[in-house]
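Tertiary structure, described
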Amino acid sequence: MGAVPKRKVSRHRRGNRRQHLALTPPVIVTCPACGKPMRAHYTCKACGTYKGRQVVVMPQPE
């Protein structure tokens, strides 16, 4: 016979174990190059810059 718990884990104990599993919203900052909102530590999807450098060549709108 395998491992079987001796008693039921209470909602409080179960919740205390899971308290670090909550999701947090992403941090949104403004891009220093174009001023649009972007995620922190990510490449800007609007202009393609990261830490002041152009890292992604963005297509020009026609």
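Everything below is about the structure printed above this text.
Scoring rules and cut-offs
Residues numbered from 1 in each chain as written. Predicted model: local features only at pLDDT ≥ 70, side-chain atom pairs only at ≥ 80, totals over all residues. Heavy atoms only, no water. Helix = DSSP H or I, 4+ residues; strand = E, 2+ residues; numbered from the N terminus. Rg over C-alpha atoms; globule rule 2.2 N^0.38 Å. Buried < 20%, exposed > 50% of the residue type's maximum accessible area, 1.4 Å probe, protein only. Contact = heavy atoms within 4.5 Å. Areas by Shrake-Rupley, 256 points an atom, 1.4 Å probe, with all protein chains shown as cover. 1 Å grid on protein atoms, 1.4 Å probe; cavity = no way out; pocket = protein on both sides within 12 Å on 5 of 7 lines; lining within 4 Å. Points joined across faces, edges and corners; volume = space filled by probe spheres on them. Nonpolar A, V, L, I, M, F, W, Y, C, P; charged D, E, K, R; others polar.

1. Topic: the overall build of the chain
Helix and strand counts for the chain stand at one helix and four strands. Its helices and strands in sequence order give the chain the pattern α-β-β-β-β, from N to C terminus. Rg of the C-alpha trace for the chain: 23 Å, well past the compact-globule value of 11 Å for 62 residues, more than 25% over. Summarising its shape, the C-alpha atoms of the chain cover approximately 70 × 25 × 20 Å along the three principal directions. Expressed as a percentage of its 62 residues, the buried residues of the chain come to 10%. For the chain, the proportion of contacts with a sequence separation of at least 24, taken over those separated by at least 6, is 0%. Working note: accessible area of the chain is about 6300 Å², and carbon and sulfur atoms make up 57% of it.

2. Structural notes on the side chain of threonine 49
The topology assignment puts threonine 49 in strand E3 (residues 49–50). The buried category is assigned to threonine 49, whose relative accessible area is 13%. Other than its neighbours up to four places away in sequence, threonine 49 contacts Cys31, Ala33, Thr43, Cys44, Gln54 and Val55.

3. Examining the layout of surface pockets
Gaps between atoms show up when a probe of the same size as a water molecule is rolled over them. Roughly 170 Å³ of internal volume is contained in the largest pocket. Lining the largest pocket are Val29, Cys31, Pro32, Ala33, Met38, Ala40, His41, Tyr42, Thr49, Tyr50, Lys51 and Gly52. Looking at the lining of the largest pocket, its residues break down into eight nonpolar, three polar and one charged.

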